[in-house]
Amino acid sequence: MQLRSTVPLIHNITNYVAMEVMANVLLATGASPAMLHAQDEVAEFAAIASALTINIGTLSPAWVNSMMIAAPAAVAAQRPWVFDPVGAGATAYRRQIAGQLAALKPSVIRGNASEILALDQRVSHSLASELGRGVDALDSVVAAEIAAQRLASQLSCVVAVTGAVDFITDGQYAARIANGHSLMTRVTALGCALTGVVAAFIAGGGNILMNTAAALAYYGLAGEYAAAQAKGPGSFAVAFIDALAAIEPATLAAEARVEWTQLAKLPN
Amino acid sequence: MQLRSTVPLIHNITNYVAMEVMANVLLATGASPAMLHAQDEVAEFAAIASALTINIGTLSPAWVNSMMIAAPAAVAAQRPWVFDPVGAGATAYRRQIAGQLAALKPSVIRGNASEILALDQRVSHSLASELGRGVDALDSVVAAEIAAQRLASQLSCVVAVTGAVDFITDGQYAARIANGHSLMTRVTALGCALTGVVAAFIAGGGNILMNTAAALAYYGLAGEYAAAQAKGPGSFAVAFIDALAAIEPATLAAEARVEWTQLAKLPN
Amino acid sequence: MQLRSTVPLIHNITNYVAMEVMANVLLATGASPAMLHAQDEVAEFAAIASALTINIGTLSPAWVNSMMIAAPAAVAAQRPWVFDPVGAGATAYRRQIAGQLAALKPSVIRGNASEILALDQRVSHSLASELGRGVDALDSVVAAEIAAQRLASQLSCVVAVTGAVDFITDGQYAARIANGHSLMTRVTALGCALTGVVAAFIAGGGNILMNTAAALAYYGLAGEYAAAQAKGPGSFAVAFIDALAAIEPATLAAEARVEWTQLAKLPN
């Protein structure tokens, strides 16, 4: 958690529902969040920030336009960017935009199983079944592992499928991260906010796959600590922010439940 | 509270202030919220979702355009939609848009007394006085009962006037719901979020008037439980989400304070 | 805190991140918040409200257009308005818009040190160095005192630089307000929300400089009370809202730490 000394500036073009909780999650983690989306400034700012996140939860043409400008600007400035394809399979418009953004060289794609399945279908023209509706996953993480591997290989990025047990891969290696708690699904935008935490963990350079795994373990661990004191989803959300701020690197190292594996090659 | 087993997907085109709390309220209630508003996808999504809500709190032309597309799409797909005419009387623009949306066959209109009086004035060209300013009601629920009955009769929908004691009617029958707590007015967007809960309660079919009454009693009861542990509006908001998640159907049946009545016909 | 009896209506054209917490802060303080930004209604509403705030955190052309309409409408209706130049120095677009809005006769400009330095640079064509990036201040309040005095003199307004110890001035007199707690920087948008509290404190008339000082002391004091019970930034945010609602005028009078001074004239 080197980020606590560098305090990386994370530029987020995200959805309206997630903005406040994402900012608070990033502050608690130790990063400095900035939300801005105007066409006239996103390219300039993407180069000032240490990393960028793009989330299509409440997309519209003007915002998509800014996303399409910001992502290449981040890449040009050698900043990593993380893509969060919220509800990627829900509508034709969303499938189209998600496919276009995925092609703009994200360092990491983070979504739930339904979103990763839908995005793989779009990018790989695969026949994977996709059951998502709205923004909540109806598919299990395990059902999206092949899709994640294919997406990661095809786009040369890390794909993180988050759920009860998270699965992340760069196409060759993979990890399953078992930290977390079911109450995390009862608070809105915690997935979206996690996308920011992944950006904060990879902003300082280093191995993207390993830093993504660390981000997911850290986030899940905060969920475990918060659940221990919560009376319901309201008090859980409060305790979760407290836990994010309280967790120290040594605690994370001791309590992370990450299992690494090497994946078999995908058939052509 | 059949919704806890069906987990209805509720599509919300709502205001920026309310988005996060509305999503968290819906998750705590047991529904699955989705916020999206792009012109290119609202019609498609309105048919995927189980119910739609439209809220004009932070309206602007592009959003109004999407609302005007989404509402008929929901009706065509036989999905109920709930209209929340925030600040309906505050400006000429708002009066005009509120009147146009009210004509698009909502199943339920939920507002505070000032909003219902303003909307009735617009729809019925009545001379009812309307004192609201901003988004907080300055009128009492009782002062809006006739306006609510007239609106319900004219638009063939249920009208819910929420306040210290809520009043709901389909023009013929009415209920007064006494559950609630004054701290609910000290937390922003709890009225807006209630509109989502009404949608969740009517999404599964059944009698709309009775299910709206159940939604209001449930919501008010959560306010009572939360107030019992709150030290102020901040801790109230947290305890309120916990209470929404904790209340069981049997508790609701035992503690709902709903009085039904048959209304006299309105004079022509 | 006369506002608790008058409940001033505060019209806010603010950023997406701040909307909910700003509304809750204003409700806890005792004011009535309204967020609306449509070009077709902002001028009408600015005259209905008691005060206006404008915040450029998530600016875009359509919103800027409404800001440019609302501010003169407020001035024409003799309503004070408060300008919050979020991230004023971050991009060329932001510097330009911040300069244009500053020229529209705000009663108060409130920002962190980096924002005030950037705005002064724009308005005064000064050579003051400006180190801000994103929305978090990297400069100390003391480093921005001259810039604040110059801005206040040039624009005939009150300038408030908030930070560890706040500095406010009308160009001639100044106060330093020592109330506050470092946890306030770990919760998003508390600066933005403070802009609303300043508007609420000056909405009723009276001396703008003194009422701004009172608003800052009140806000900082709530931070101190909240920190005494918080386990981290999540529980702090909740306790902060409770504290805003709980603080009485007598407590504020007893615990405000405000030091007044008369400033030397600026060299030409």
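Residues numbered from 1 in each chain as written. Chains lettered and ligands numbered in written order. Predicted model: local features only at pLDDT ≥ 70, side-chain atom pairs only at ≥ 80, totals over all residues. Heavy atoms only, no water.

Per an unreviewed UniProt entry, chain A is named Hydroxyethylthiazole kinase, and its organism is Thiospirillum jenense. Checking UniProt for chain A, the heading Catalytic activity (unreviewed entry) contains the comment "5-(2-hydroxyethyl)-4-methylthiazole + ATP = 4-methyl-5-(2-phosphooxyethyl)-thiazole + ADP + H(+)". What UniProt records for chain A under Pathway (unreviewed entry) is the sentence "Cofactor biosynthesis; thiamine diphosphate biosynthesis; 4-methyl-5-(2-phosphoethyl)-thiazole from 5-(2-hydroxyethyl)-4-methylthiazole: step 1/1." (UniProt positions renumbered as here; feature names shortened; annotations may be inferred.)

Take the relation of the copies chain A and chain B next. Turning chain A through 120° and shifting it by 0.0 Å along the axis lays it on chain B, with an RMSD of 0.0 Å. Accordingly, the operation relating the two chain copies is best matched by a three-fold axis. Taking the C-alpha atom as reference, chain A places Tyr16 of chain A closest to the rotation axis, 3.8 Å from it. When you check the interface residues of chain A against chain B, a mere 11% turn up at the interface there too, and the two sides of the contact use different surfaces. (Least-squares fit on C-alpha atoms with pLDDT ≥ 70 in both. Contact = heavy atoms within 4.5 Å.)

Our next topic: the side chain of Glu20 of chain C. As for its position among the elements, Glu20 of chain C is in helix α2 (residues 19–29). Not counting residues up to four positions away in its chain, the partners in contact with Glu20 of chain C are Glu20 of chain A together with Val17, Glu20, Val21 and Thr188 of chain B. (Helix = DSSP H or I, 4+ residues; strand = E, 2+ residues; numbered from the N terminus.)

Another point: the sheet that holds strand β3 (residues 51–55) of chain A. Pairing between the strands of a sheet comes from backbone hydrogen bonds, and it takes one of two forms, parallel or antiparallel. Residues and elements named next belong to chain A. Here nine strands make up an open sheet; going across it, the order is β2-β1-β3-β4-β5-β6-β7-β8-β9 and the pairing mixed. Bordering the open sheet on either side are β2 (32–35) and β9 (258–262), each of which pairs with just one other strand. Across the sheet, the mean angle separating the axes of adjacent strands is 20° when strand polarity is ignored. On top of the sheet, helix α4 (residues 61–76) reaches β1 (9–13), β3 and β4 (81–84); it is set at about 150° to β3, its chief contact. Strands in contact with helix α8 (residues 190–202) are β1, β3, β4 and β5 (108–111); relative to β4, the strand with the most contacts, it is inclined by about 165°. (Pairing = 2+ DSSP bridges. Axes fitted to C-alpha atoms, helices over the stretch in contact; angles between N-to-C directions.)

Below, the discussion takes up the interface of chain C and chain B. Across the contact, 28 residues belong to chain C and 28 residues belong to chain B. Of the roughly 2300 Å² buried between chain C and chain B, counting both surfaces, carbon and sulfur atoms make up 57%. Counting the contacts that link chain C with chain B gives one salt bridge. Between Arg94 of chain B and Glu41 of chain C there is a salt bridge, with its nearest N and O atoms 2.5 Å apart. Scanning the region where chain C abuts chain B turns up nine residue pairs in polar contact (both at pLDDT 80 or more). Of all the secondary structure elements, the ones that give two or more residues to the side of chain C that touches chain B are α2, β2 (32–35), α3 (42–48) and α10 (233–246) of chain C. (Buried area = accessible area lost by both parts, 1.4 Å probe. Salt bridge = Lys/Arg side-chain N within 4 Å of Asp/Glu carboxyl O. Polar contact = N/O pair within 3.5 Å; in protein donor to acceptor, adjacent residues only side chain to side chain.)

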